[in-house]
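Next come the chains, spelled out residue by residue.
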Amino acid sequence: PILHAFKNAQHLRVGVRDLIGKDDIQQTHEALSNIAEVCLNQVTTAAFQKVVERFGMPMAEDRECELVILALGKLGGREPNYHSDLDIVFLYESAGMTQPTRRGRESTTNQHFFAQLAQRIIKDMTDFGPYGRLFELDARLRPSGRSGSLALSFVEFERHFSAGEAQLFERQALCKGRVVYGSPPSAKQVLEIIHRAIISPAWRDSHAAEILRNRLRLEKTATDTNLKRGRGGTVDIEFLVQMLQLKHGEQFPEILQPGTLDALQNLTKAGLLSAEDAKDLGESYRFLRGIEAKLRLMNTTKRHDLPTMDQQKNRLAYLLGIDRPDQLESQHRRIAKATRHQFDRFFAAMIKDRSEV
């Protein structure tokens, strides 16, 4: 109840500041990310103590074995919406056994301990109780997939990428990787693993074609008015940024920023993106994500599509400070067209043989 009250109060505060224009969309996203992290950390701390009572303390040689929670997607980039799912991966330091804290309790493996801990965290965060659901957690992006263990050791996690087993889309997802739970030394160790995974194996021209194929596949299931997956939507900008990170991350490690807007700035500083391109892409991203935020405040059925009903159109235009709905629609078409033009220009320069797409 305390966490639900905290989340609701803080979301109300953020929503009011959003509606009256006190914060821009990046500040709104960062605030929503902070709220989600506080809730996740509190749930994790409580769940850890419960699992320790049952199985004992997990040990890495002569000290406590640490848990690290890696955020991906919107949470990783510090850019979640009001109702975004939280994409996370559970990692732990090393193999070992637990040390029972009570007599008569049997020890278990660290792998089993952290798998049980992950299950409890997911249950506590996602169960729909009398106060609703706290957050929706999604752990499907873990290297072992849905059927694998919920928690992986650092060694297993790195081996998946260093052994060449990882798909390109998995390495692409790591571009938004950020540690949201864990001590600074463990967090640093995981981030080093992520950076090595992003830049290895070395970039090939065929990677650009594969990223483009995946992007066009997402577009097939979206309408032209879909702000995320539609033509010229936010996925165009995110995939373009991640493509440049995968290609140039080894030479310019400073561009490996999980946030899309921060990455655009660093790509410009590294000379990989013109100031004009970065400005246009950044403004487009803010505009599209700003509409998404207002749609969530309106609690529309479709989270990423411009509304079709006149009442909702008028309400959305009002919240955005635009006089008429047709002006909003016209502005969206213009921005989507310009974004796709930039997207096509960059990928055309990368892909020599269009038959690969």
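Above: the structure in question.
Basis of the calculations
Residues numbered from 1 in each chain as written. Predicted model: local features only at pLDDT ≥ 70, side-chain atom pairs only at ≥ 80, totals over all residues. Heavy atoms only, no water. Pairing = 2+ DSSP bridges. Helix = DSSP H or I, 4+ residues; strand = E, 2+ residues; numbered from the N terminus. Core = buried A, V, L, I, M, F, W, Y, C linked by side-chain atoms within 4.5 Å. Buried < 20%, exposed > 50% of the residue type's maximum accessible area, 1.4 Å probe, protein only. Contact = heavy atoms within 4.5 Å.

(A) Quick peek at the pairing of strand β1 (residues 57-60). Relative to strand β5 (residues 98-99), β1 runs antiparallel, the two sharing two bridges. Opposite Pro-58, over in β5, you have Thr-98 as the bridge partner. Examined bridge by bridge, β1 and strand β2 (residues 63-64) share two bridges and lie antiparallel to one another. Across the sheet, Ala-60 pairs through a bridge with Arg-63, a residue of β2. If you look at the hairpin formed by β1 and β2, you'll find two residues sitting between the two strands, and Glu-61 has a positive phi there, around 60 degrees.

(B) Here's a closer look at the nonpolar core. Counting 51 residues, the largest nonpolar core has Leu-70, Leu-91, Phe-157, Leu-174 and Phe-347 as its most contacted members. For this core, the element with the highest residue contribution is helix α9 (residues 234-248), accounting for eight residues. Those residues in contact with Leu-70 that lie beyond four places of it in its chain are Asp-87, Ile-88, Val-89, Leu-91, Phe-157, Leu-174, Gly-177, Arg-178, Val-179, Val-190 and Ile-194. In terms of nonpolar packing, the next biggest core, distinct from the first, is built from 33 residues, Ala-71, Phe-114, Ile-121 and Ala-139 among them.

(C) Region of interest: unusual backbone geometry. Cis geometry is adopted by the peptide bond preceding Pro-201, which originates at Ser-200 and carries an omega value of 5 degrees. The residue Pro-201 is located in the loop between α7 (184-199) and α8 (205-220) in this model. At Glu-61, a residue that is not glycine, the phi angle is positive and equals roughly 60 degrees. Mapped onto the elements, Glu-61 comes out in the loop between β1 and β2. Phi is positive for Asn-299, which is not a glycine, with a value near 60 degrees. Here Asn-299 lies in the loop between α11 (275-298) and α12 (310-319).

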